[in-house]
Structures are given as C-alpha cells and as structure tokens.
Amino acid sequence: MPATNMHTTMHHTSSVLAEADRLMVVCNSCRYCEGLCAVFPAMEMRRIFTDGDLNYLANLCHGCGACYFDCQFSPPHEFEVNVPGALAKARIESYRTYAWPRFLSGLFARNGVAVGTIAALSALVFLAGFFVSYDPDVLQKIYSGPGAFYVFMPHNIMVLIFGAAFLYAIVSIAIGALSFWRDIGEPVAALSAPAPLWQATVDAAQLKYLDGGEGGCASAEDQPKDQSKDRRKIFHHLTFYGFALCFASTVVATAYHYLLGREAPYAWYDLPVILGTLGGLGLVIGPVGLFTAKSKRDPVLLDPGSYGMDVAFIFILSATGLTGLALLVLRDTSFMSTLLALHLGVVFALFLLLPYGKFMHGIYRFLALARYAKERGTHQPASE
Ligand code: SF4
Ligand code: SF4
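Residues numbered from 1 in each chain as written. Chains lettered and ligands numbered in written order. Predicted model: local features only at pLDDT ≥ 70, side-chain atom pairs only at ≥ 80, totals over all residues. Heavy atoms only, no water.

Draft legend 1. Here's a closer look at the overall build of the protein. Helix and strand content of the protein: 15 helices and zero strands. The C-alpha radius of gyration computed for the protein amounts to 23 Å, which stays within 12% of the reference 21 Å derived for 384 residues, consistent with globular compactness. When its C-alpha atoms are laid out on the principal axes, the protein stretches across 75 × 45 × 35 Å. A buried classification covers 49% of the 384 residues belonging to the protein. Partitioning the intrachain contacts of the protein with sequence separation of at least 6 by distance along the chain shows that 77% fall at a separation of at least 24. Working note: accessible area of the protein is about 18,100 Å², and carbon and sulfur atoms make up 67% of it. (Helix = DSSP H or I, 4+ residues; strand = E, 2+ residues; numbered from the N terminus. Rg over C-alpha atoms; globule rule 2.2 N^0.38 Å. Buried < 20%, exposed > 50% of the residue type's maximum accessible area, 1.4 Å probe, protein only. Contact = heavy atoms within 4.5 Å. Areas by Shrake-Rupley, 256 points an atom, 1.4 Å probe, with all protein chains shown as cover.)

Rendered as structure tokens:
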C-alpha cells in the first residue's frame, strides 16, 4: 500500500474516487506538473478533495498522458502515480453519477450493447413502419424534388417524433449537467456569468489542454514515439465540428421549411446540403480516427471499462453520417425509402442515447472548463 494513503482525509463514495484523492494528495505535494494543463493549477487551489472536486478535476483532464510520462513516481515506483488512468476511471464513473433519470445510468456500464441494440431496434421500427404502411411498388418508385421525403412520412409527424426525442435528450442532459455543476460546488446562478462561459467556449473549441496547453504536453523528446504521432486533436475536431455542422444543417432546413416554404430535399448547392455533407464526412472520419488513435495509446492511460462506450460512440456517429451521405447520393433512386427509414431510425436512436454515452464528456468538460475559468479569476493556489 502506498505510503501516501495516510494523508487522505475525505471519505469517498467509491474506490475510484479514493484513488484519485490519493494521487491528488501526492501531486499537491510534488507540483512538478503544474505547467502542463488546467488540472494541476485547479488541484493547487485545494487542500482536501471532495467527490465533487475529484469529478471536476477528472472532467478537466483531457487524458493527454503528459503527466504520466513526466512523473518520477509512476510505476514501478511504489507510489504508483498514474493521474491520467485514475482520472479516466473517475470521469467514466461521473457520467453514471449524474445521469438522469438515475435508473438509466446502467446504460453507461454496457454502453456498446445498449447502443447497438437500441439503434438496431430503432432502425427496424422505422423500416417496418414504412413497409407496413406502403405497398412495395410505392416504396420502390422514384420520387424526386421538393417534398419527396414526406411521401413516406409527413413533415409534421417527423417534427413531432424527432422534436419529442430531442426534447427528452435536452432535458436529460440539462438535469445531469446541473447536478454536476452543483456537485462541483457552483450555484446555478454562476452559469449566467458570461466571461467564464466564453473562456470555456474558446478553450473547448481549441481543445487547448488536449496537448498539455501552453505549458506544453510532454515534449517530443520526452514522449514515447507513438505519442508524438497522436492525431487525436484533429480527429476530435472533425467529430465535434461534424456534429455541429449536421445540427446546423437541420436548423437551416427547418428555417427553409417554415420561413421560406421550401421543402426538402434540396439541391446539392443549397446550404442545408452543403452543411450536412461536410458534417456527415466529419462524423464518419472523426470517430473512426479517434478510435484508431486511441487503440495505439498506452493502455495504462485509459480506463479499460470505457472500451464499449468508445465503440458505441463511433458506431452511432458513423452510422448517422454514413446513412445521411448514402441518402444524399441515392435519394433519386428506388433505394430512397429504405435509406430514409434507416437514417431516421439511426438519428432517433442517437437523440435518445445522447445523455447516456460518450457525448456527455463534452458537456461535463465544458462545465469543468467554465469552473476553472471562474476560479482562476478568483482564487490563488493553496499554500503548500
Ligand atoms: S504526476 Fe507525478 S510528477 Fe506530476 S505532479 Fe503528480 S506526482 Fe508530481
Ligand atoms: S490533461 Fe494531461 S497532463 Fe493534465 S492531468 Fe490529464 S493527462 Fe495529466
């Protein structure tokens, strides 16, 4: 047992958080890594670590691995300091802690199975709905031009079904986010302060701490060879901006429909199609690249329990991008009805599953960055 356990004073609700506490006590005495990222300056503002503090630090960590490779106390040293590995485990556990409704928090545990099953069921329901409602010759007929999609599902029904699923996702995510925000010690009113939110937006958009921030990740000569080839930042940007562009495409298409009276599908040069095509490509390339990059990382930096969630994340985002792109390319053929049902089924599952998968790391990380921006402006590090 590492000698540093004698310094741990807080009771924690899990062994994962107890281990994170032990490491933060070691790091707070050492402070060698304080220039690497936001986690260490935030840690230095504290002498003791509550569960909320540790969940905050865990979500502030971007898992770059720099502090593991720099650490003189990492295994085989008896202190066994592995901050990225411990915070990765705490991060995954925090998603379950703040999930709403609580009885669905188990979806995180077997995320790969849950996402695969729900996505397949959802696609099957939409396919069955189309095949039960229409004769085969109607389904195979070629429809093109404005309103072609709504032959199989009226626009108002589509809005009702997807609006309800989206509203459920927003409410679940908001309740989880508020629970996290309160648990890390911030009042709800603090969310109205624009400066920390703006700083968090800038830091998140740039993924500032994924490579160790301004202090520099482990320098090229310090890193193992495979770390210097890590392309996670590029693939993360492709995934995030791909998702954002697809969302923007939907918003613009909705504005076209209700404000301009123009019905989908649109020409290839119309804004919703351009945004959706670029977004779809990002959603296919980004998650696959992220997974490939992750599979090459040193396993000690990762939580082995997150493998299913990572695969599920790739699957649902890539399936959304692929079915959307296939629908775009083949919309003027007899495959349109089948591809439309598949795409709608996958997107419906994506909406329902957003609060119970890897997507939540973006929400909690943004809030952790906002808190860091806020306290960086109001706190000085606790003295040693
Ligand atoms: S990770 Fe290691 S080197 Fe860095 S602050 Fe902690 S104990 Fe010190
Ligand atoms: S962001 Fe990188 S340097 Fe900072 S705690 Fe996480 S793994 Fe360590």
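Draft legend 2. How the structure looks around the site of ligand 1. Neighbouring residues of ligand 1: 13 residues in total, closest C27, C30, C33, C71 and Q72. Residue contributions to the shell around ligand 1 peak at three residues, all from helix 1 (residues 15–30). When its residues are assigned to classes, the shell around ligand 1 shows 11 nonpolar, one polar and one charged. (Near = heavy atom within 4 Å. Nonpolar A, V, L, I, M, F, W, Y, C, P; charged D, E, K, R; others polar.)

Draft legend 3. Representation of the site of ligand 2. Around ligand 2, the structure places L36, C37, V39, F40, C61, H62, G63, C64, G65, C67, V83 and P84. Sorting the residues of the shell around ligand 2 by element identifies helix 2 (39–44) and helix 5 (83–97) as the ones contributing at least two each. Its residues placed into classes, the shell around ligand 2 shows nine nonpolar, three polar and no charged.

Draft legend 4. Looking closely at the pattern of salt bridges. Under the definition given, this model contains 10 salt bridges. For R46, the salt bridge goes to E375, with nearest N and O atoms at 2.8 Å. With R46 in the loop between helix 2 and helix 3 (51–60) and E375 in helix 15 (residues 360–376), this residue pair connects regions lying 329 residues apart in the sequence. E375 carries the same exposure label as R46, and that label is buried. The shortest N-O distance in the salt bridge between K374 and E186 comes to 2.8 Å. Remark: E186 occurs in the loop between helix 8 (155–183) and helix 9 (194–206) and K374 occurs in helix 15; sequence separation between them is 188 residues. Residue classification places E186 among the buried positions, given a relative accessible area of 7%. (Salt bridge = Lys/Arg side-chain N within 4 Å of Asp/Glu carboxyl O.)

Draft legend 5. Molecular detail of the packing of aromatic side chains. By the definition in use, this model includes 23 aromatic pairs. Between the aromatic rings of Y209 and Y372, the centroid separation amounts to 6.3 Å while the plane-to-plane angle is 85°, which identifies the pairing as edge-to-face. Of the two residues, Y209 sits in the loop between helix 9 and helix 10 (225–228) while Y372 sits in helix 15, which places them 163 residues apart along the sequence. Under the relative-accessibility criterion, Y372 is labelled buried at 5%. Geometry around Y56 places R371 over its ring, the cationic atom sitting 4.9 Å from the centre. (Phe/Tyr/Trp six-rings, centres within 6.5 Å; stacked < 30°, edge-to-face > 60°. Lys NZ or Arg CZ within 6 Å of the ring centre and 35° of its normal.)

Draft legend 6. Representation of a nonpolar patch on the surface in the model. Among the surface-exposed residues, I234, L238, W268, Y269, I274, L278, L281 and I285 lie close enough to one another that they form a single nonpolar patch of about 830 Å² accessible area. Secondary structure elements with two or more residues in the nonpolar patch: helix 11 (232–260) and helix 12 (271–295). Tracing the sequence through the fold places W268 in the loop between helix 11 and helix 12. (Patch = residues over 30% accessible without salt bridge, like charges linked within 9 Å, V, L, I, M, F, W, Y side chains within 5 Å.)

Draft legend 7. Spotlight on the environment of C33. With respect to the helices and strands, C33 occurs in the loop between helix 1 and helix 2. We classify C33 as buried; its relative accessible area is 9%. Separated by 34 residues in the primary sequence, C33 and C67 have C-alpha atoms spaced 6.2 Å apart. Those residues within four positions of C33 in sequence are excluded, and the remaining contacts are F40, C67 and D70.

These figures capture arrangement, not role.
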